[in-house]
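# Summary of the model geometry
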Amino acid sequence: MDMGTAEGITSLLRAEETFSACLARIDSIILKPMLQAEPYDQKGKENFKLLLLLNDRFHALWDVTEDHHRALWQKFSTSTSVHIQDIYIIWKVDLFLKHYIQYFTTFSNCVVVQSFDQAAKNKSEVWKHHKTALKQLLTDGIQETSVSLALHTILQKPIREHVQQYSLILTRLSEATGKCPERDLITSAIKEYANLQSFISQVLDEASLTKALWKSLGHKLTDALCLPERKLLEDSKNLPIFASTGRSDQVLLFNDALVLVQGSSFQSFDLKVLWVDATCGEKPAPELYSLRIITPEDTFFLSTKEPQIRAVWRWKLSQAVRQALNGKRDFPLWSKAGEGNEPPICRCFKHIFQMEGRLKNAAYEGEWCWGKPHGKGTLKWPDGRNHVGDFKEGLEHGFGICLIPRVSEDRFDCYKCHWFEGKMRGYGICEYGNEMVYKGYFKDDLRQGFGILEGTSAEHPFKYTGQWENDKKNGYGVWDDKNRGERYIGMWQDDHRHGQGIVVTQSGVCYQRTFHADKMVGSGILLLEDDSIYEGSFTEDLLFVGKGKLTFANGFTLEGTFSNKSGQGLQTQGVLNTSSNQLGDRMIKIQLGLNKFPVETRWRGIYDQFLGFVHSGCKEETEESFTGFHVQTSKELRKSQEYLCCQRGAEDVPGKMEDILEELVQHRELELLQCYLQKVLNSSLHPLGKLLKTLTLAFQATYSGTGANRHLLSMAQEEVKHYAKKIWEFYQGLLHLALEQKGHPLAEMEDAETSNLNAYGMILPLILPCFYPELFMLYMLYHEKEDDLYCQGIVDLSLFSDLKLLEFLEVQKHLWPLKDLTLTNNQRRSLIKDKCFLSATECLQKIITTVDPREKLEVLQKTYEEIESTVSRVVGKDYKLPMDDLLPLFMYVVSRASIQHLGAEIHLIRDLMNPTNEGGMYDFLLTALESCYEHIQKNIKLHHRETWQSSRDSRRL
């Protein structure tokens, strides 16, 4: 350690020792007497708390000074070398700065609220006893003055001077060290203490100006505006500027607020919620230089005649706003450290609205932009209303959750919905406080389009699935009354059943009727559980009244006038016709709804939502509204949200429309398209997948449970076909939009025939699994009687051994696979069963393992190939079966496969197979299967009985 360094450290030790002694005297002479007793008045108590805080800051500063002196003295006295780490004011410069800044900030707060004046007044007797000591603390020839001024001087002047000493000592120390790595640390510390001196001067100047302002204003304004932490930054009396005409006499800029004073009243604007627009084109007058001030509830201008003054006000306003948002002042104040950093346009804070309007008294906490809620936030009203979600330019816009308290109930309606310019629009979920839940679409705060309303109360559980208009049930919809066990399928108007409708009951009774405001009018058709059919007028209790015709299951008819009198049962006057000897199959299989509800008119609300989405250009904001989930949320959040048709899983599908449209263009080729469509239709993240899942809900609401009635089969079947056509149509619409947006040549428009073929051939097999359980149940119910006869025939044929059955079916003996009949001990070949054509039988049984008609037809073809393969092995050469040989063999395989609902399977394949397969091999094999089915159910039993009778007669002879 050289001589210059030693002298510097010695000077530092001496300065610290002298400063500690000064602080000790200030503590004993000033602080302790000043804090002896707490005042009783409210203002005095507040000043006392501020002085206590100043005392704490003082002692913290004293402690760090003594720690530094003690450590430095110990090192200097025991060692010949001192390192930078031993000089705390260099090595721990941030710690020293923090304590000095805290002390002078608190000191300036005391100055602003005149705490020293109050202390001098309250402790006047005490200060008389310390008059000599006070004079000793006043240095530099300061003459005797007021006690308050003496307190002000003593509590800041020695401390400011000590900071100046630090700078001088460090400067000499820097010169003494020469060029070395440690010199940079010393230079940096010198800059920090220079900044500290600037900060102290500025903060004391602000405090003096602020104190003078409060003295110049009236008591009313001072009491309302004066706060310890509030400092005056600029005054329009010093730098002339005025607010919009008639708004103020004086403009005051504080470190936390902009205040417009007019007479004895004022307007205060929090700087955190204030924006300064210097680029505004609008001006109060062309000759003025203006700044537009924007706040959450007001917009006005600050104007001046001088551009330089406008520039200064703009700079000070911007810096004050920025510092208020940061929660701390610059160091030093108004330094170059903050220059160039404009306050952010988008901010996050809380504000309570005061002015009249829909937001009066509401508190908004969240993101803002240019004075309006913009981004994510929470809006709360005193009455309990609460909205959490996305905002845009002051209005709810995007996904949000809104709670609305119910009048006179301790419950809430909870809306989880998409919003557009302050109103609900798009998909949402509403959980009402009366135990009802709505899942569907909204428009302008009203239920509009497709939606599901479900009542979950034990007293009256119900479910409505269908169209809404102006918040009411309007159009085609399905009402499920779980208490009555009834389902209404039909038209609605203003929440009433109105128009054509079908009612299905759990007991199997169903009827079709015209409704007017929930009342049945005119005649209808009633299908009873015993297969009787009544055509005419009947009551809601299903009692026949007036003219009608009753057709019994055996074909007899009773036509006339019906009545029901209490205790007398059904009475009629009419004609009974017993001439019919038919079983009435035509009536038993009558289908409802086909002419009354054209398939094109059903579920328009679902299709309209998709069309609106496509016509909008598939924009991201409309995508969220249509698909019902927040695109930008994480996958984990998506899984936690209970959105309709948005079951989350591991899905390899893009979530943004831009990516979805790009994939559409990339998968146009036929070999890629099939796999692509299969993927997207299984995804809730894709619009087509969303559409399919919503259609699935509508289908299940109509045809599952109570709706599983054979008289609805044709409605369901044509509905599924129509779904395929619409999905293909919408795929074409999306592709057209994608090509248009990507600048690719547009594809040629398909004709109706080609479009239908693509729908049935490509889309129908992909969507059928979604509807198969309900649809196949309807097929089973519709063909129940034929399948029962067929099953009885199968039971009868199962009694035959393989050889007996082949012989019974008149299969030529040279085609019998005798080698497949493996014998065990004591077993006769004529008794073996289920061994012949086993591979073909097992193959045919797989027809029930798939839902796709195309795959079922492939099973038929493989069965045919297995039969031919077995025959070729038996005859020892390739053998093509003629029809005369094929049908008996096919009959054998069908009888051994024992497929329970073969009639339902056959008719489902026939109704839903690709039209291109008509007249081909698949059609031929399906016709052969139909022939086997009909032969088994109609003729086998009779033939078997005749053969058995003939055999018995021959044995008798």
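Residues numbered from 1 in each chain as written. Predicted model: local features only at pLDDT ≥ 70, side-chain atom pairs only at ≥ 80, totals over all residues. Heavy atoms only, no water.

## Quick word on the environment of Leu 672
The line we're drawing: Helix and strand definitions follow DSSP, with helices as H or I runs of at least four residues and strands as E runs of at least two, each counted in order from the N terminus. Using a 1.4 Å probe on the protein chains alone, a residue whose accessible area is under 20% of its type maximum counts as buried, one over 50% counts as exposed, and one in between counts as partly exposed.
Mapped onto the secondary structure, Leu 672 falls in helix 18 (residues 670-681). The class for Leu 672 is partly exposed, based on a relative accessible area of 38%.

## Considerations on the pattern of salt bridges
Definition in use: Definition used for salt bridges: Asp or Glu carboxyl oxygen within 4 Å of a side-chain nitrogen of Lys or Arg.
What the rule picks out here adds up to 35 salt bridges. For Asp 67, the salt bridge is made with Arg 70, and the minimal N-O distance between the two is 3.0 Å. Placement of the pair is Asp 67 and Arg 70 together in helix 2 (residues 42-78), with a separation of three residues, close to one helical turn. Between Arg 292 and Asp 277 there is a salt bridge; the shortest N-O distance is 2.9 Å.

## Structural notes on the sheet that holds strand 4 (residues 257-262)
Filter applied, for reference: Between any two strands, at least two bridges found by DSSP are needed for them to pair. Axis definition: a line fitted to C-alpha atoms, over the contacting stretch in the case of helices. Angles run 0 to 180 degrees between N-to-C directions.
Spatial strand order, 1-3-4-5: four strands in an open sheet with antiparallel pairing. At either margin of the open sheet sits one strand with a lone partner, and together these are strand 1 (232-235) and strand 5 (265-270). Sheet twist, expressed as the mean angle between neighbouring strand axes with direction ignored, is 20°. Strand direction decides the pairing type here: strand 4 and strand 5, joined by six bridges, are antiparallel.

## Digging into unusual backbone geometry
The omega torsion of the bond from Phe 331 to Pro 332 falls at -10°, within 30 degrees of zero and hence cis. Relative to the assigned elements, Pro 332 resides in the loop between helix 12 (307-326) and strand 9 (346-352). The phi angle at Gln 114 is positive, at roughly 60°, despite the residue not being glycine. With respect to the helices and strands, the residue Gln 114 is situated in the loop between helix 4 (93-112) and helix 5 (115-122). In this structure, Ser 898 takes a positive phi of about 50° despite not being glycine. Its location among the elements puts Ser 898 in the loop between helix 26 (883-897) and helix 27 (902-912). Given the relative accessible area of 40%, Ser 898 is considered partly exposed.

## Observations regarding the packing of helix 25 (residues 853-875) against helix 26
How two helices pack is summed up by the angle between their axes together with the distance between the axes. The cut-off we apply is this: In what follows, roughly perpendicular refers to angles from 65 to 115 degrees, roughly parallel to angles under 35, roughly antiparallel to angles over 145, and oblique to any angle outside these ranges. The hand of a helix crossing depends on one turn: near helix anticlockwise from the far one by less than a right angle means left-handed, and clockwise means right-handed. Residues are treated as being in contact if the distance between any of their heavy atoms lies within 4.5 Å. By the convention adopted, Pro, Cys, Tyr, Trp, Phe, Met, Ile, Leu, Val and Ala count as nonpolar, Lys, Arg, Asp and Glu as charged, and the other residues, Gly among them, as polar.
At their nearest, the axes of helix 25 and helix 26 sit 11 Å apart, and the two run at 110° to each other. Classified by the angle their axes make, helix 25 and helix 26 are roughly perpendicular. Here the hand of the crossing between helix 25 and helix 26 comes out right-handed. Listed contacts from helix 26 to Leu 860, Thr 863, Tyr 864, Ile 867 and Val 871 of helix 25 are Leu 886, Leu 889, Phe 890 and Val 893. Classifying every residue of the contact of helix 25 with helix 26 by side-chain character gives eight nonpolar, one polar and no charged.

## Comments concerning the packing of helix 21 (residues 752-782) against helix 27
In the contact formed by helix 21 and helix 27, the axes pass within 11 Å of each other and the chain directions differ by 140°. Comparing the axis directions of helix 21 and helix 27 gives the class oblique. Judged by the twist between their axes, the crossing of helix 21 over helix 27 is right-handed. Between helix 21 and helix 27, the residues in contact are Leu 764, Leu 768, Tyr 772, Leu 775, Phe 776, Tyr 779 and Met 780 and Ala 904, Glu 905, His 907, Leu 908, Asp 911 and Leu 912, respectively.

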